[in-house]
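Structural overview for review
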Amino acid sequence: MAEPLTELSIERLSQLGDGVAHHEGRTVFVEGALPGERVRAEVIASGKVLRAEIRELLERSPHRREPACAHAGRCGGCDWLHASEHLQREAKREIAVSALEHLGGIPRTELEVEEPAVSKRPLGYRRRAVLHFEGRALGLFGRRSHELVPFESCPALVKSLELLPGPLGEKLQGVAKDAESLTVLAEGSQVAFSLALKVEAQMRHLQACERAVEALRLRGAVVVPHDGQARLLGDPVLKAENPLRPEVPLYLRPDLFAQANAEANLALTTAAATLVEAREGERILELYSGNGNLTFAVAGTAGSVLAVESSGPAVSLAQRSAREGGVGNVRFVQGDAAQVCRGLAAEGQTFDALLLDPPRVGAAGVQEWAARLGVRRVVYVACDPASLARDAAELVSAGFRPRKLQLVDLFPQTRHVEAVMSLERAAEP
Ligand SMILES: C[S@@+](CC[C@H](N)C(=O)[O-])C[C@H]1O[C@@H](n2cnc3c(N)ncnc32)[C@H](O)[C@@H]1O
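This text gives an overview of the structure that appears in the document. (Residues numbered from 1 in each chain as written. Predicted model: local features only at pLDDT ≥ 70, side-chain atom pairs only at ≥ 80, totals over all residues.)

Helices and strands together make up the secondary structure of the chain, namely ten helices and 23 strands. Relative to the 2.2 N^0.38 estimate, which gives 22 Å for 429 residues, the radius of gyration of the chain is 23 Å and therefore close to what a compact globule would have. By principal-axis analysis of the C-alpha atoms, the chain measures approximately 65 × 65 × 35 Å. For the chain, the proportion of its 429 residues judged to be buried stands at 45%. A fraction of 62% describes how many contacts in the chain between residues 6 or more apart in sequence connect residues 24 or more apart. (Helix = DSSP H or I, 4+ residues; strand = E, 2+ residues; numbered from the N terminus. Rg over C-alpha atoms; globule rule 2.2 N^0.38 Å. Buried ≥ 20, exposed ≤ 12 C-beta atoms within 10 Å, placed from the backbone. Contact = placed C-beta atoms within 7 Å.)

Next up, the structure:
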């Protein structure tokens, strides 16, 4: 049963984007509240945690503002449209640093925390988004629910995608019920999409996608069946600029991972290359290398890079970039990171530095790979501060010392933060 209204003072923002307060000795997560605010809220117990919904804003943060999107507060895409960018950045820094402190046991005093790199555009920056269908409408899941918030357009998307959800949903309505998700991808004015199916791919799926590509003048599409090989329609591989190494083009495909903010990606690749500090003659091992986004940045100053990635198509795109860019000191290997590391260790191979950019779950076991492969420096690129904290703690237990933390704000208006952390093997006593 809901409790009577309670006055709460908001202390900070949580990793999931909510305001955090205390009530009768327990932590309460208040959706939509900002630090420094006082709210009258309805506290709703939900499992182990207490949640509260604002009923009245008693004291308003000077950082609160009118959200620039009609779906704010409901759509799970952007959590913090109602907060100033300044507050968002401070909150992201605190989320990353306190995760390392509380979950990883790494005090902030032991880390050089660099000024966060910020995205130039507060909105209109997303070149890739995974959408879902509701009937013929496309949208994103709501905050903390699988209830879809459908939309015709989305201001977080880059110009060439902003108005696409409406017409694309319309064109694909005949196959929407078989769709798991739909990913849109743009590079400049070139646009492609991929349709992930819950079922086997049938002719009608391919035809519907082909018609959508034609009618909306897109570059191509990829149909990904529930089980089996992806089918390419038109030319869904988009060529992207690579500002750090303009001679090496990067290739993107909508069904494969791609950094969603192209402009802020420059800050990310720069941070990775700067923190790896690859020197002439050094051997670098990179895990989770995708299409080579970070690989070529790091390889510029290295002796050689061995890059490991589980997706065969992503490895092919990376190899194409290396060929066309005339890059001779990089080798891409398809395989599971842990298995490849075990194999390399069994062969007695060693590396000077390890660069890794794992998915949200992190890279359990990284300390063992680093130790067995003799690496002296580790640079860990993380999209989840909690996974980073867990893995960094293991690296510290295995004899590494935390050095620097560079945050990159790849996703303004959201609670998401990308962290690049460097560690080095502590000197032998
Ligand atoms: C966060 S993305 C990073 C890609 C790349 N570094 C970039 O900046 O675009 C993680 C990548 O890890 C790959 N991956 C996921 N699990 C893997 C595993 N067990 N072994 C190797 N690669 C894996 C995914 O296919 C994806 O390309």
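Okay, back to it.
Over its 15 residues, helix H5 (residues 262-276) runs 21 Å from end to end, which matches the ideal 21 Å to within 8%, given 1.5 Å per residue. Burial runs high along H5: eleven of the 15 residues are buried. Every buried residue of H5 is listed here: Ala-262, Ala-264, Asn-265, Ala-267, Leu-268, Thr-269, Ala-271, Ala-272, Ala-273, Leu-275 and Val-276. Following H5 by one or two positions, Glu-277 adopts a phi angle in the positive range, close to 50 degrees. (Expected span 1.5 Å × (residues − 1).)

Attention now goes to the nonpolar core. Val-184, Ala-221, Ala-272, Val-276, Ile-284, Val-298 and Leu-355 are the most contacted members of the largest nonpolar core, which has 134 residues in total. Among the elements that take part in this core, H5 stands out by supplying nine residues, more than any other. Discounting residues that sit within four places of it in the chain, Val-276 has contacts with Ile-284, Val-298, Ala-353, Leu-355 and Val-379. (Core = buried A, V, L, I, M, F, W, Y, C linked by C-beta atoms within 7 Å.)

With that settled, the discussion passes to the sheet that holds strand E23 (residues 418-425). Across the sheet, eight strands lie side by side as E7-E22-E23-E21-E20-E17-E18-E19; this open sheet has mixed pairing. The open sheet is flanked by strand E7 (112-113) and strand E19 (330-334), the only strands paired with a single partner. Here strand E17 (residues 283-287) pairs with strand E18 (residues 304-309) via five bridges, running parallel. Of the residues in E18, the one forming a bridge with Arg-283 is Ser-304. Each of E17, strand E20 (353-356), strand E21 (377-382), strand E22 (400-408) and E23 is contacted by H5, which is oriented at about 160 degrees to E22, the strand it contacts most. (Pairing = 2+ DSSP bridges. Axes fitted to C-alpha atoms, helices over the stretch in contact; angles between N-to-C directions.)

Further remarks concern the pairing of strand E8 (residues 128-134). By the bridge criterion, four bridges tie E8 to strand E11 (residues 179-187) in an arrangement that is antiparallel. Residue pairing in the sheet places Leu-131 in a bridge with Leu-182 of E11. Inspection of the sheet shows E8 paired to strand E9 (residues 137-141) by three bridges, in the antiparallel sense. In the strand pairing of E9, His-132 is matched with Gly-139.

What follows covers the environment of Asp-384. Along the chain, Asp-384 turns up in the loop between E21 and helix H10 (385-397). The partly exposed category is assigned to Asp-384, around which 19 C-beta atoms lie within 10 Å. Put simply, Asp-384 and Val-417 are 33 residues apart on the chain and 7.4 Å apart in space, counted from C-alpha to C-alpha. Those residues in contact with Asp-384 that sit more than four places away from it in its chain are Arg-360 and Gly-362.

All right, on to the packing of helix H1 (residues 85-102) against H10 then. Across the interface, H1 lies against H10 with an axial gap of 8 Å and an inter-helix angle of 30 degrees. The angle between the axes of H1 and H10 places the two elements in the roughly parallel class. Here the hand of the crossing between H1 and H10 comes out right-handed. Note on element contacts: H10 touches H1 through Pro-385, Ala-386, Ala-389 and Ala-392, opposite Ile-95, Ala-96, Ala-99 and Leu-100. The residue inventory of the contact of H1 with H10, partitioned by class, reads eight nonpolar, no polar and no charged. (Parallel < 35°, antiparallel > 145°, perpendicular 65-115°, else oblique. Left-handed = near helix turned anticlockwise from the far one by under 90°. Nonpolar A, V, L, I, M, F, W, Y, C, P; charged D, E, K, R; others polar.)

With that settled, the discussion passes to the environment of Arg-89. Locating Arg-89 in the fold gives a position in helix H1. The sequence separation of Arg-89 and Pro-165 amounts to 76 residues, and the corresponding C-alpha distance is 29 Å. With near-sequence residues (within four places) excluded, Arg-89 lies in contact with Pro-116, Val-118 and Asp-409.

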